Amino acid sequence: VQLQASGGGLVQAGGSLRLACAGSGRTFNSYDMGWFRQAPGKEREFVAAITWRGVIIPYADSVKGRFTISRDNAKNTVYLQMNSLRPEDTAVYYCAASRRPNGSIRPLYEDFGSWGQGTQVTVSS
């Protein structure tokens, strides 16, 4: 599956953005999906993930209560709604497809593949 992330931009602290990850191919709906982010000089970290049926696993503690992942299989798209943004949320955000069997996603970088190119999110203070 090929993935394309979009929706990033520059926003003030406290603002909101909605990222979208569009997938190609008829098999997109069969993939569990995740969002990760990578800030300059830091490792890529898990943000959120959702199974092919729409079950959401626990969010990263740093975004819990502020970010919401969802998917629209009819549109081959996964979303990340980001509210109450903070400067520390500044990063390149990536979507990816889990390589594990359906419904068994884990918040681990090594479990994911088919990385999209990423979209930059910058939060100013």
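Note: the structure precedes this text.
Residues numbered from 1 in each chain as written. Predicted model: local features only at pLDDT ≥ 70, side-chain atom pairs only at ≥ 80, totals over all residues. Heavy atoms only, no water.

Section: the overall build of the chain
When its secondary structure is counted, the chain shows zero helices and 10 strands. Helices and strands in the chain line up, N terminus first, as β-β-β-β-β-β-β-β-β-β. The globule rule puts the C-alpha radius of gyration for 125 residues at 14 Å, and the 13 Å found for the chain is close to it. The principal-axis extent of the C-alpha atoms belonging to the chain is close to 40 × 25 × 25 Å. Buried positions account for 44% of the 125 residues belonging to the chain. Considering only contacts in the chain between residues 6 or more positions apart, those separated by 24 or more positions represent 58%. Within the structure as shown, the chain displays about 6,400 Å² of accessible surface, and the carbon and sulfur contribution to it stands at 48%. Charged side chains in the chain number 14 positive and 9 negative. The centres of these two groups are separated by 6 Å. (Helix = DSSP H or I, 4+ residues; strand = E, 2+ residues; numbered from the N terminus. Rg over C-alpha atoms; globule rule 2.2 N^0.38 Å. Buried < 20%, exposed > 50% of the residue type's maximum accessible area, 1.4 Å probe, protein only. Contact = heavy atoms within 4.5 Å. Areas by Shrake-Rupley, 256 points an atom, 1.4 Å probe, with all protein chains shown as cover. Lys, Arg positive; Asp, Glu negative; His and termini not counted. Charge placed at Lys NZ, Arg CZ, Asp CG, Glu CD.)

What about the pattern of salt bridges?
In this structure the tally under the stated criterion is six salt bridges. Here Arg37 makes a salt bridge to Glu45, at a shortest N to O gap of 2.6 Å. By relative accessible area, which is 36% here, Glu45 ends up partly exposed. A salt bridge links Arg106 to Asp111; the shortest N-O distance between them is 2.8 Å. Connected via shared salt-bridge partners are Arg37, Glu45, Arg66 and Asp89. (Salt bridge = Lys/Arg side-chain N within 4 Å of Asp/Glu carboxyl O.)

What about the state of the cysteines?
Working definition of a disulfide: a covalent bond connecting the sulfur atoms of two cysteines. Going through the model one piece at a time under the given rule, you end up with one disulfide. With its sulfur 2.1 Å from that of its partner, Cys21 forms a disulfide with Cys95. Taking the sign of the S-S torsion, 70 degrees for the link of Cys21 and Cys95, the bridge is right-handed. Here Cys21 is found in strand E3 (residues 17–23), whereas its partner Cys95 is found in strand E8 (residues 91–98), with 74 residues between them in sequence. (Disulfide = S-S within 2.5 Å.)

Remarks on unusual backbone geometry
Phi at Ser84 is positive, roughly 50 degrees, even though this residue is not glycine. Structurally, Ser84 is set in the loop between strand E7 (77–82) and E8. With phi around 55 degrees, Ser114 is a residue other than glycine that occupies positive phi space. In this fold, Ser114 is placed in the loop between strand E9 (112–113) and strand E10 (119–124). The exposure class of Ser114 is partly exposed, given its relative accessible area of 34%.

Everything listed here is a matter of coordinates, which is why it stays silent on function.
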